[in-house]
Structures are given as C-alpha cells and as structure tokens.
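Listed below are the residues making up each chain.
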Number of protein chains: 2
Amino acid sequence: MGNCLVAQSGGPTSVINATVAGIVESNRLNPIYDHVYGGLNGIEGILAGRIVDLTRLTDYQIRVLKQTCASALGSCRYKLKRENTEDFRKLFLILDKLNVDTMFYVGGNDSMDTVAALSQYAEENGITGHRFVGCPKTVDNDLVIIDHTPGFGSAAKFMNVVAKTTWLDYNVYTRQEVFILETMGRDAGWLAASTVLSGVVDLLVLPEVPFDKERFFELVREKLSAKNKCYIVISEGARFADGTYVAAAEAKNDGFGHAILGGAGVALKNMLLEEGVCERAKVQDMSTLQRCNISCQSRTDVEESFKLGMSAHMRSMDPAFTGKMVALKRIEGRPYDPVFFAVNASQVANYVKRVPKEWILPDYQGMTKEFHDYVQPLILGEPELIMDNGIPAQMPPFYMKRG
Amino acid sequence: MGNCLVAQSGGPTSVINATVAGIVESNRLNPIYDHVYGGLNGIEGILAGRIVDLTRLTDYQIRVLKQTCASALGSCRYKLKRENTEDFRKLFLILDKLNVDTMFYVGGNDSMDTVAALSQYAEENGITGHRFVGCPKTVDNDLVIIDHTPGFGSAAKFMNVVAKTTWLDYNVYTRQEVFILETMGRDAGWLAASTVLSGVVDLLVLPEVPFDKERFFELVREKLSAKNKCYIVISEGARFADGTYVAAAEAKNDGFGHAILGGAGVALKNMLLEEGVCERAKVQDMSTLQRCNISCQSRTDVEESFKLGMSAHMRSMDPAFTGKMVALKRIEGRPYDPVFFAVNASQVANYVKRVPKEWILPDYQGMTKEFHDYVQPLILGEPELIMDNGIPAQMPPFYMKRG
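Fair warning: this is a prediction, and the values are worked out from it, not measured in the lab.

Definitions and limits used
Residues numbered from 1 in each chain as written. Chains lettered and ligands numbered in written order. Predicted model: local features only at pLDDT ≥ 70, side-chain atom pairs only at ≥ 80, totals over all residues. Heavy atoms only, no water. Helix = DSSP H or I, 4+ residues; strand = E, 2+ residues; numbered from the N terminus. Rg over C-alpha atoms; globule rule 2.2 N^0.38 Å. Buried < 20%, exposed > 50% of the residue type's maximum accessible area, 1.4 Å probe, protein only. Contact = heavy atoms within 4.5 Å. Areas by Shrake-Rupley, 256 points an atom, 1.4 Å probe, with all protein chains shown as cover. Lys, Arg positive; Asp, Glu negative; His and termini not counted. Charge placed at Lys NZ, Arg CZ, Asp CG, Glu CD. Pairing = 2+ DSSP bridges. Axes fitted to C-alpha atoms, helices over the stretch in contact; angles between N-to-C directions. Phe/Tyr/Trp six-rings, centres within 6.5 Å; stacked < 30°, edge-to-face > 60°. Buried area = accessible area lost by both parts, 1.4 Å probe. Salt bridge = Lys/Arg side-chain N within 4 Å of Asp/Glu carboxyl O. Polar contact = N/O pair within 3.5 Å; in protein donor to acceptor, adjacent residues only side chain to side chain. Parallel < 35°, antiparallel > 145°, perpendicular 65-115°, else oblique. Left-handed = near helix turned anticlockwise from the far one by under 90°. Nonpolar A, V, L, I, M, F, W, Y, C, P; charged D, E, K, R; others polar. Core = buried A, V, L, I, M, F, W, Y, C linked by side-chain atoms within 4.5 Å. Expected span 1.5 Å × (residues − 1). pLDDT = per-residue confidence, 0-100. Right-handed = clockwise from strand over helix to strand, strands pointing away.

Below, the discussion takes up the overall build of chain A. When its secondary structure is counted, chain A shows twelve helices and 13 strands. At 22 Å, chain A has a C-alpha radius of gyration in line with the 22 Å of a compact globule built from 403 residues. Based on the C-alpha atoms only, the size of chain A along its principal axes is roughly 70 × 50 × 45 Å. Looking at chain A residue by residue over its 403 residues, the buried ones come to 64%. Considering only residue pairs separated by 6 or more positions, chain A has 77% of its internal contacts joining residues 24 or more positions apart. Summing over all exposed atoms, chain A offers an accessible surface of approximately 15200 Å²; the carbon and sulfur share of this is 50%. If the 43 positive side-chain charges of chain A are averaged to one point and the 48 negative ones to another, these points end up 3 Å apart.

Okay, here's the thing in structure tokens:
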C-alpha cells in the first residue's frame with residue numbers, strides 16, 4: 001500500500017487545519033494509505049525534504065488540530081512554474097522516494113494551479129501512479145465554481161463581530177465620529193460585503209463598484225447631519241473609476257515616494273479629514289487576525305472544511321482521481337445543506353469570482369436580501385472547543401522543533 | 001419607597017453592562033427601589049434629563065444585557081468639577097425630581113472621584129437621603145485597593161487570543177519577521193503584561209520599565225539570529241528613560257509637526273526599520289476592539305461584574321452606605337474565590353496602580369510566576385451565550401431611539 005502527502009499553501013485561515021484533520025481522520029476510518037505525511041511549508045518545504053508523519057495522530061490530537069488556526073504545516077508563496085521542469089523532476093523523485101500515491105494540496109487559486117500543473121506534467125510525461133488533489137481554502141471567497149470557500153465563513157463571522165463591537169463602542173460617546181473598518185479580500189468584496197449581516201454598516205465600499213469620491217463624501221455628510229455618526233466598511237481592494245487603488249492615494253500624497261502609510265482605510269480617513277467632511281475618523285485594520293482568529297470560528301465552516309478533507313481522502317481511492325478539486329454546491333430551493341462534488345482544478349485556477357453586481361445596492365448602501373441569504377448560513381454555529389487555561393487549545397505548529 | 005439611578009462613564013468594557021444587569025436583577029429579587037432608572041451618557045446626560053426606566057427588564061433581557069459589550073447606557077468624559085457648584089445643584093434637583101435615593105456610577109478612576117465628590121457635597125451642604133455608590137470597571141486594571149478591575153479579565157483573555165492567533169499566523173512563512181502587538185493600559189502595563197499567558201511573547205515592553213532602545217535592539221537581533229522571528233508586545237504607555245512616550249518618537253520624526261502617525265507600535269516599528277534591526281516588521285493595534293470584544297468574554301469576569309452590581313444594590317439598603325466603591329479581595333493561600341467588600345471611593349479616586357516591579361523579569365523577558373498566577377484565574381471560562389444569527393445577541397443601546 002502506498003502513502004499520501006498533504007501540504008498547505010497561501011494565506012492561513014481559521015479552518016485550513018480542519019481539512020488536514022479530516023484527511024487524517026478519514027485514513028483512520030479507512031486506512032487506504034500506510035502513511036499520511038505532512039509536507040512542511042508547502043511545495044518549498046517538500047522540495048527541501050521537510051516531511052512529518054501525521055498517520056498516528058490520536059483522536060484528541062485530531063480534535064485539537066481541527067480547532068487550530070493558521071497553517072499547522074506552515075505555508076509558502078512559492079509557485080511551481082510550468083517552465084521550471086527541474087522543480088517538477090525533483091518533486092516526483094521525492095514523491096517516489098516516499099512512495100506517495102496521492103498528494104493533497106490545501107490552498108487557494110495558486111494551489112489549484114499547482115494541482116493542475118502537476119497532474120498535467122505527469123500525464124504529458126507518461127508518469128503514472130500519482131494523484132494530485134486540491135482542497136480549497138481562502139477567506140477571500142474568490143474561487144469560481146465552488147459555492148463558497150472554506151475559511152470564508154469564519155472570517156465573515158469574525159468581521160461581523162468586529163463590526164458590531166466597534167460600532168457599539170464608537171456610539172457610546174455623543175461626539176461626531178466616522179468609523180472605518182478595512183477588510184481583506186483582494187480584488188473581491190466578499191468579506192467586506194459580509195459585514196452587512198451585523199446590521200451596523202452605513203456605507204460599504206467594494207472593489208466591484210468604482211469609488212466615486214464626491215458622491216461618497218456627500219453620503220457621509222448626509223449620515224453625519226442625520227445622526228452625527230457614520231460607520232463605513234471598505235475592502236482593501238477598493239478602486240477609483242480609473243482603476244487605481246484607494247489605498248494608493250496615500251502613497252501618492254507621501255512626498256517621499258517610499259512609503260505607503262496604510263491601506264484603503266487610512267487613505268479614506270485622510271481624504272475625509274483633508275476635505276473637511278468630518279472632524280474625527282477612526283480606522284480599524286484587523287490585518288492577519290481576520291483570516292485566522294482562534295476564538296470566533298463558524299461551526300458550519302469548521303465542519304465543512306473537515307468533511308471536505310474526508311471527502312478528498314475517500315475520493316482519492318479512485319486511481320483516475322487526479323487534477324481535481326473537491327468543491328461544495330448549494331441546492332437551490334432547499335434548506336442549506338451543501339453537497340460535495342469534484343471539479344477539474346484547471347477550471348478553478350487563475351480565475352477570480354467577484355461579488356455579482358446584482359447583489360450590490362446602489363450608492364454604497366449595502367447588499368440585497370439575496371446576498372444576506374447567501375452568507376447567513378455560513379456564519380452559523382460555534383464549535384465546542386477544547387480549552388487550555390482560558391484559551392482554545394492549539395496544536396503546536398508541526399514546522400517547529402518539538403521538545 | 002424611593003428609586004435608584006445607574007449610569008456608566010469612561011471607556012467601555014466587555015462586562016460593564018453585566019454590572020448594570022446585576023443591579024436590575026438584584027432589584028427584581030428584592031425590590032428595595034420602586035424604579036431602577038438608567039442615566040444616559042453618564043453625568044452629562046443625567047444633567048440633561050436623559051433617563052430611561054430599567055425596572056421591568058425581563059429575565060431574558062437581563063441575560064442579553066449581561067452579555068452585551070460596550071456601554072448600553074452610553075458614556076461621557078464629562079467630569080464634575082468640585083468648584084462648579086452649579087452642576088452639583090442641578091444634579092441634586094434632578095435626583096430629587098426623580099425621587100432617587102441611590103445613584104450607582106459604573107466607571108474608573110474619574111467616576112470614583114465623582115462618587116466621592118457627590119457624597120462629600122451632600123455632607124458639606126447638609127443634604128440627606130442620597131447615597132452615591134461606585135462600581136469599578138476598566139480594562140487597564142489600574143485601580144488601587146481592588147484585587148483587579150472588572151473588564152480586565154475579558155480584555156486580557158482577548159489579547160491572549162490575539163497574541164496566539166497573530167503568532168501562529170506570522171510563523172507560517174519562513175521569512176524573517178518582527179511582529180509588534182500594541183495594547184491599551186495607559187500608564188500601567190497590566191494588559192500588555194497579561195499577554196505572556198499566551199506563551200508566545202519574546203519581548204515585553206511595559207510603562208513600568210524605561211525603554212532602553214540600544215539594549216532592546218540588541219535583544220531583538222539575538223532573537224532574529226536564533227529563530228528569524230521576534231514577537232514583541234508593547235504597552236501604549238511605554239516610555240524612554242527621560243519620560244517621553246515611545247509613541248511620541250513618531251511625532252518627532254514627522255517633519256510637519258502636525259500628525260502623530262501611530263502609537264507605540266508604529267513608532268517602534270519605524271525605529272527598528274530605520275536602524276536596520278530587521279527587514280520586515282508588522283504592527284497590530286487592536287484599538288477599541290480590545291476593551292469590549294463581543295465574542296471573547298471571560299466567564300469569571302462576566303460573573304464577577306454581575307455579582308458586583310448585585311452586591312452594590314444589596315449594600316445600598318444601608319442609609320449610611322455612601323461615597324463607597326464595591327471591591328474584590330483575593331484570599332491569600334486559598335483557591336481563587338474573591339470576596340466582595342466596600343471601600344471609600346476617595347481612597348481609589350485619582351490613584352494609579354501600576355504593575356509591581358518585582359513581578360517584571362529583567363531585559364523585557366516577560367513576567368514572573370507570581371504574575372501568571374495572578375492573571376490566570378481572571379481569564380478562565382466562557383459564558384454560555386444567547387446567539388442571534390451567528391453573532392452573540394446584544395441589547396440595542398438604550399441611548400438610541402427605539403423603533
């Protein structure tokens with residue numbers, strides 16, 4: 001019997017380890033592989049021979065791994081380039097040495113491209129006996145075909161808590177104040193848009209809608225004259241009509257030309273203050289905390305990610321199951337209960353799913369009911385956590401020395 | 001029978017409403033007051049006659065109020081000045097009009113001074129029949145006499161989660177990186193120091209220890225050469241030996257002299273980069289989120305705050321109970337189980353409790369076992385929450401129009 005290898009890539013999420021835990025668990029239930037190896041720091045570490053054995057994780061360890069945030073196997077931004085055949089040769093040598101039949105790669109866009117490239121390389125070079133399987137994850141929710149990406153639900157839940165918390169806080173004083181919450185999401189506005197579920201967002205700026213400064217300032221002034229407050233959520237990827245990032249405005253204003261002082265939030269704040277739209281504005285940028293917060297996972301998201309790992313493991317019994325990504329489908333007209341299915345990784349790699357225009361209300365006023373209905377089930381439920389002295393127990397990263 | 005009035009002041013916490021909920025609940029169990037009124041936006045709103053009636057809150061509403069973050073009654077920074085007798089006269093007129101026997105004021109240092117000033121004014125002017133009772137709260141934990149302040153435990157729990165999360169995240173890539181987490185705390189290092197419980201802090205900068213830049217940079221360099229990473233926690237109130245704030249370094253470097261670009265964290269980052277100590281540094285400033293996070297309360301903290309409100313209400317039956325603050329005492333040598341007691345508010349007002357020097361390890365290396373033992377029980381437990389579509393249910397602020 002052969003072995004399998006699992007690795008993680010790209011930015012961490014709250015549930016990326018749940019998928020790894022699902023693969024390990026599934027192999028306990030049906031040991032189709034002698035060993036479940038973990039590759040450290042993605043392709044980069046695998047190429048350097050940095051491998052751990054996950055086969056014998058106990059039930060307790062799997063439970064802790066399932067609730068552990070960030071990438072317990074480490075990550076990398078290293079991308080296999082199709083023209084760099086040396087990397088490919090080296091990787092297949094390592095897989096052969098470890099007797100690896102199946103490699104699972106947990107990641108986003110780029111990782112799906114790696115899965116597609118590896119299976120394509122094997123096919124083109126007549127190499128048989130290897131399967132490459134992608135398991136999606138990204139808080140950006142920007143992968144095509146899949147209904148939503150594992151990791152998005154927990155990030156959305158956390159950002160709604162952040163929005164509600166900071167809104168409750170900035171309201172306690174009667175003074176005039178604009179609050180600006182910046183979110184991740186790259187060129188897709190999913191995570192920013194998700195914050196409308198908190199019910200506190202006055203104005204929402206998404207990358208999908210060109211940022212019209214004059215009109216926007218008018219709307220901020222209206223809110224301030226009505227209630228002395230304005231709560232704004234802006235996506236890091238927000239752009240002006242000419243395509244430049246709102247975040248870039250800050251860099252332009254910096255006479256030294258060597259420093260972008262902040263993201264879209266800080267840029268917007270400075271514009272508001274400079275043009276006298278408000279007297280006081282506060283920016284909150286959650287940075288990396290929003291993608292892998294320990295204490296605010298969505299149970300729905302955790303369980304889906306875990307099951308997605310199990311599904312990938314089970315499907316990999318089929319020798320023809322290569323170049324595939326396991327995905328989730330929602331059945332229209334039925335209560336939320338997504339179905340797992342497989343898709344060619346090449347159909348997902350290098351595409352970006354943006355927020356549909358028809359779900360976006362005009363004038364930065366938020367999102368339609370259809371969007372609310374889409375996101376609501378994804379943030380439901382809280383996992384029952386194993387606690388460690390008041391903090392959710394976390395698996396020590398595998399890439400660190402034990403002892 | 002007379003009435004009572006409760007108001008909140010100063011910065012919000014995660015559990016400041018639990019104290020209000022405790023007062024309302026205690027009056028349901030033993031209705032010593034006909035009405036429990038809430039004063040909106042502290043003294044400022046009371047002087048403007050902005051009052052709500054909390055007497056008939058249902059059991060369910062009390063449970064939701066107990067888990068609601070920030071100040072549901074609103075807050076103010078308005079301070080009653082002893083020389084401004086006009087304010088005093090006006091306030092007593094309002095209390096008489098509402099037939100208020102007892103006023104509870106939930107707040108920090110300044111609020112305890114208000115409690116002391118009001119009871120002193122009554123005594124000096126021969127006004128009888130009013131009691132003024134302080135209920136402490138502050139995430140800064142900087143009040144004297146009391147073992148710890150309500151609000152601190154939840155903030156400490158959350159900041160430990162933040163530290164652990166961001167540490168797990170910044171470690172997934174192998175690149176060199178310094179991470180800087182800035183915390184609140186004013187001139188006391190309690191909240192910053194509490195993060196050592198996460199087990200991830202390499203270097204800790206507190207206001208209690210002068211910041212020696214040269215020595216500190218040496219230590220950062222050592223960490224980086226040992227493991228390519230250095231996780232730093234710095235308190236917003238950190239100072240150089242000459243007394244200037246580390247945060248002020250940033251303002252000094254700004255040639256325009258009109259903007260402080262950030263707090264202590266950003267200032268430290270810029271120093272590290274400018275002096276070439278590291279190639280890459282990231283700063284996380286949680287801002288207001290750390291004082292009233294919705295999804296990361298400490299059960300210990302919530303319950304203590306609730307019971308403190310009940311204790312204050314019960315004690316206020318005694319007509320002589322005025323100018324007092326209800327406090328918590330830990331019994332040495334016994335398992336953690338604090339005792340409630342009363343202290344004169346004047347003994348607390350205008351003093352600051354800083355972190356004892358003997359609990360601070362040299363060379364920014366963290367805290368002693370005594371400090372760990374002091375903080376550990378305060379962050380234990382998670383309240384059972386009433387959820388509302390995936391987010392902990394929150395009482396709509398009383399200071400907003402209902403509709």
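Text resumes after the structure shown.
For the rest of this paragraph, the subject is the sheet that holds strand 3 (residues 51-53) of chain A. Residue and element names in this part refer to chain A. Taken in spatial order, the seven strands make up an open sheet running 3-2-1-4-5-10-11, and their pairing is mixed. Each having just a single partner strand, strand 3 and strand 11 (339-344) make up the two edges of the open sheet. Taken over all neighbouring pairs, the strand axes of this sheet differ in orientation by 30° on average, direction set aside. For strand 1 (residues 3-8) and strand 2 (residues 36-39), the ladder comprises three bridges, and the chain directions are parallel. The residue of strand 2 that forms the bridge with Cys4 is Val36.

Moving on, we come to the packing of aromatic side chains. All names here are of chain B. Tallying each qualifying case throughout the model produces 32 aromatic pairs over all chains. Ring geometry for Phe216 against Tyr364: centres 5.1 Å apart, planes inclined by 90°, an arrangement best described as edge-to-face. Separated by 148 residues along the polypeptide, Phe216 in helix 8 (residues 213-227) and Tyr364 in the loop between strand 11 (339-344) and helix 12 (369-375) bring together distant segments of the chain. A residue is classified by how much of its surface remains accessible, and Phe216, at 0% relative accessible area, is buried. The class for Tyr364 is buried, based on a relative accessible area of 9%.

On the side of chain A, 54 residues touch chain B, which itself brings 54 residues to the contact. Buried surface at the junction of chain B and chain A, both sides included, amounts to about 4300 Å², of which 63% is carbon and sulfur. Note that B:Arg291 and A:Asp169 form a salt bridge whose closest N and O atoms lie 2.7 Å from each other. For the pair chain B and chain A, the interface holds 20 residue pairs in polar contact (both at pLDDT 80 or more). Among the elements that make up the side of chain B that touches chain A, the one with the highest residue count is helix 6 (residues 152-171) of chain B (eleven residues).

Here we come to the packing of helix 1 (residues 16-29) of chain A against helix 11 (residues 299-315) of chain A. Residues and elements named next belong to chain A. Contact pair helix 1 / helix 11: the axes reach a minimum separation of 7 Å and the direction vectors enclose 45°. With respect to helix 11, the axis of helix 1 lies oblique. The two elements helix 1 and helix 11 meet at a crossing, and its hand is right-handed. Contacts from Ala18, Thr19, Ala21, Gly22, Ile23, Glu25, Ser26, Asn27 and Leu29 in helix 1 reach Val302, Ser305, Phe306, Leu308, Gly309, Met310, His313 and Met314 in helix 11.

Taken as a whole, this structure holds 36 salt bridges over all chains when the rule is applied. B:Arg186 is paired through a salt bridge with B:Asp140; the nearest N and O atoms lie 3.7 Å apart. Of this pair, B:Arg186 sits in the loop between strand 6 (177-183) and helix 7 (190-194) while B:Asp140 is found in the loop between strand 5 (131-136) and helix 6, placing the two residues 46 residues apart along the sequence. For B:Arg186, a relative accessible area of 52% translates into the label exposed. Exposure remark for B:Asp140: the relative accessible area of 8% places this residue in the buried category. A cluster of three or more residues bridged by salt bridges with shared partners is formed by A:Lys79, A:Arg82, A:Asp110 and A:Asp113.

Residue and element names in this part refer to chain A. Relative to the helices and strands, Glu208 is located in the loop between strand 7 (203-205) and helix 8 (213-227). A polar contact is formed between the side chain of Glu208 and the backbone nitrogen of Gly189, at a distance of 2.9 Å. Not counting residues up to four positions away in its chain, the partners in contact with Glu208 are Asp187, Ala188, Gly189, Arg354, Val355, Lys357 and Ile360.

Moving on, we get to the packing of helix 4 (residues 85-97) of chain A against helix 5 (residues 109-124) of chain A. All names here are of chain A. In contact at an axis separation of 11 Å, helix 4 and helix 5 are set at 80° when each is read in the N-to-C sense. Judged by the angle between their axes, helix 4 and helix 5 are roughly perpendicular. In this structure, helix 4 uses Thr85, Phe88, Arg89, Leu91 and Phe92 to contact helix 5, whose residues at the interface are Ala117, Leu118, Tyr121 and Ala122. Its residues assigned to classes, the contact of helix 4 with helix 5 comprises seven nonpolar, one polar and one charged.

Glancing now at the nonpolar core. Most often, soluble globular proteins have nonpolar side chains that are buried together. Among the nonpolar cores identified, the biggest contains 236 residues, and A:Met367 and B:Met367 are the most heavily contacted of them. Residues contacting B:Met367, with those up to four places away along its chain left out, are B:Ala193, B:Val196, B:Leu204, B:Leu206, B:Val355, B:Trp359, B:Ile360, B:Leu361 and B:His372. Counting 28 residues, the second largest nonpolar core, distinct from the first, contains A:Val205, A:Phe211, A:Leu219 and A:Ala247.

In this model, helix 4 of chain A (13 residues) spans 18 Å end to end at C-alpha, consistent with the 18 Å of a helix rising 1.5 Å per residue. For helix 4 of chain A, the elements touching its buried residues are strand 1, helix 2 (42-47), strand 4 (100-107), helix 5 and strand 5 (131-136) of chain A.

To continue, consider the confidence of the model for chain A. Residue-level pLDDT values for chain A average 95, and 96% of them are 70 or greater. For this predicted complex, the interface confidence comes out at an ipTM of 0.95, alongside a pTM of 0.96.

A separate point is the pairing of strand 2 of chain A. Residue and element names in this part refer to chain A. Taking every second residue as pointing to the same face, both faces of strand 2 are buried, with Val36 and Gly38 on one and Tyr37 and Gly39 on the other. Considered for its hand, the β-α-β crossover made up of strand 1, helix 1 and strand 2 is right-handed. Pairing between strand 2 and strand 3: three bridges, direction antiparallel. In the strand pairing of strand 3, Gly38 is matched with Val52.

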